[in-house]
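Chain by chain, the residues run as shown.
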Amino acid sequence: MNTDSNSSTSTLELELESIESEDEDYSSSPPEYRIINYPADFTLEVLHQQWKSEEIIIPPFQRRFVWSKPQASKLIESFLLGLPVPGIFLYRERTTGKYLVIDGQQRLKSIFFYLEGKYFLETQVFRLRGLNKESRFYEKSFEELNETDQRNFKNSVLRASIIQQIDPEDSSSIYHIFERLNTGGTSLANQEIRNCIYHGKFVQFLENLNNFPDWRKILGKNNPDKRSKDIELILRFFAISDPSEYKMPMKDYLSMFMKSHRNASEEIMSAMKGRFENTCTNIVNALGEKPFHISAGMNSAVFDSVMNAFSGNSTKIPPDIKSRYDRLISDDGYKNCIKSSTTDERTVRTRLELASELLFSE
C-alpha cells in the first residue's frame, strides 16, 4: 500500500507548502478606504419582510445556521421581555441598495424561524424551549402568543450598523469588514469569505469544477477541502491568466476577480470550464499525479505558473515535457520566483514567463 498517497487523501484539509510571502499576503491588512457607518433601528416585522423580498441577503456559505433551539428561544424571549439584544452589521451594496448580512445571521434566522413557525430544518411547530418553566412564554409558538405579545414581538427593534464604502468606488472593503467582524468560533478562511460575500452562480461554478477527476489527481486528494483552499487555487488559475492585469496583494486581486465574475454569462463560464478541464487532463497525462508537490505540500506558485503555461500551449505539448518540467523546477531563476516574494507583480509575471518559455519553447 502506498501510505504516502493514502495519507494525502484521508485528511480533510489540503496541505499547501508554507511560503512566507504567501502567508503574509494571505493575512494582509486592507488598504485605506473611506467608509460611512450609521445606525438604523428596524422592527423585527420589517426585517422579516425585507428578507422575504430579498432586500436583506443572508448569503449561503459553509457556516450555516448553528444555534441550538434553546439559544434561539432565549433570544426570542429577550425580545418578548424587552431585554437588550446585540445589534447586527449590514453592508449596503452600492449598485442594488440591498443589504448583505456580515454579522448577525444567527439572530436574524432565529427571529424569522419563530415568525414563520418552523425551526431550521424541522417540520414541527417552533415552540420556545430551554426557558424557565415558570416563564409565560415557555413552550409557546408565535401563533400561541396572545395578540399583545405578538404585536410587541413584531414591533421590537433590532439595531443595525449600516456600512457603505464611499471611496474607492468599488466594494472591495466588504471582504476586510467581513473578515474582521465574523470572528465567532473558528475564523473563516479567505475563500470561505469570498464564497459568502460574492455568492451567486460563479461560486457554484467553481464548486462544480472542484470535483473534476483530473483536478483531484493534481491535488492528490479525493475530497474537497473543508476550508475551500482547493477552490481558491482554481480561482487563482483563472485570475492570473493575464499577468499584465495582476496587482498585489493576491488576496484582494482574487476577491475583485471573483466579484467581477459573480454574474458571468453561461458562455464565459463554459469557455472557462473547457480551458480548466483540458489543462488538468494535459497536466496529469504529461506530469502524473501531484506534480506540484515539490517539497512539503503543494506549491501554489509552481501551480499557477505551470497551469497557465499548459493552458496557453494546449495544442503543442513537446514529447520531452516531463524532462523540461524537471529542468524548470531546478532552474535557479524559477526557484527564486516560487520561494520568495511570490505575490509581487514582477515575480508573478517572471515565473509565468519562465514556465512558458522553459516548458514550451522550440
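Look up: the structure comes first, before these words.
**Structural notes on the overall build of the protein chain**
Per the secondary structure count, the protein chain includes 17 helices and five strands. For the protein chain, with 362 residues in total, the buried portion stands at 50%. If you take every contact in the protein chain between residues at least 6 apart in sequence, the share linking residues at least 24 apart comes to 75%. Of the roughly 17500 Å² of accessible surface on the protein chain, a fraction of 47% belongs to carbon and sulfur atoms.

**So, the nonpolar core**
Counting residues in each nonpolar core, the largest one holds 62 residues, and the members touching the most others are Trp215, Phe238, Phe292 and Val306. Counting 33 residues, the second-largest nonpolar core is a separate cluster that includes Leu47, Ile76, Phe79 and Leu90.

**Considering the packing of aromatic side chains**
If you walk through the whole model with that rule in mind, you get 20 aromatic pairs. Relative to phenylalanine 153, the ring of phenylalanine 79 lies with its centre 6.1 Å away and its plane at 85°, an arrangement referred to as edge-to-face. Linking phenylalanine 79 in helix α4 (residues 69-81) with phenylalanine 153 in helix α6 (residues 147-155), this pair joins segments that are 74 residues apart in sequence. Per residue, the accessibility class of phenylalanine 79 equals that of phenylalanine 153, and both read buried. The structure contains a cluster of three or more aromatic residues connected by ring pairs, namely Phe79, Phe113, Tyr114, Tyr119, Phe120, Phe126, Phe142 and Phe153.

**Remarks on helix α13 (residues 266-287)**
Its 22 residues give α13 an end-to-end C-alpha distance of 31 Å, which sits within 8% of 32 Å, the value for a rise of 1.5 Å per residue. Taken together, the buried positions of α13 are Met269, Met272, Phe276, Glu277, Thr279, Cys280, Asn282, Ile283, Val284 and Leu287. Of the residues one or two after α13, glycine 288 is the one with positive phi, at around 85°.

**Quick look at the packing of helix α15 (residues 321-330) against helix α16 (residues 332-339)**
The geometry of α15 relative to α16 is characterised by a closest axis approach of 5 Å and an angle of 70° between their N-to-C directions. Between α15 and α16, the crossing angle belongs to the class labelled roughly perpendicular. The residues of α16 that touch α15, namely those facing Leu328, Ile329 and Ser330, are Asp332, Tyr334 and Lys335. Looking at the contact of α15 with α16 residue by residue, the class counts come to three nonpolar, one polar and two charged.

**Some thoughts on the packing of helix α11 (residues 229-239) against α13**
If you want to describe how two helices pack, look at the angle between their axes and the distance between the axes. Remark: α11 packs on α13, axes separated minimally by 11 Å, with the N-to-C direction vectors making an angle of 110°. What the angle tells us is that α11 and α13 run roughly perpendicular. Every residue of α13 that contacts α11 at Ile234, Phe237 and Phe238 is listed here: Met272, Arg275, Phe276 and Thr279. Grouping the amino acids of the contact of α11 with α13 by side-chain chemistry returns five nonpolar, one polar and one charged.

Cut-offs used in this document
- Residues numbered from 1 in each chain as written.
- Predicted model: local features only at pLDDT ≥ 70, side-chain atom pairs only at ≥ 80, totals over all residues.
- Heavy atoms only, no water.
- Helix = DSSP H or I, 4+ residues; strand = E, 2+ residues; numbered from the N terminus.
- Buried < 20%, exposed > 50% of the residue type's maximum accessible area, 1.4 Å probe, protein only.
- Contact = heavy atoms within 4.5 Å.
- Areas by Shrake-Rupley, 256 points an atom, 1.4 Å probe, with all protein chains shown as cover.
- Core = buried A, V, L, I, M, F, W, Y, C linked by side-chain atoms within 4.5 Å.
- Phe/Tyr/Trp six-rings, centres within 6.5 Å; stacked < 30°, edge-to-face > 60°.
- Expected span 1.5 Å × (residues − 1).
- Axes fitted to C-alpha atoms, helices over the stretch in contact; angles between N-to-C directions.
- Parallel < 35°, antiparallel > 145°, perpendicular 65-115°, else oblique.
- Nonpolar A, V, L, I, M, F, W, Y, C, P; charged D, E, K, R; others polar.

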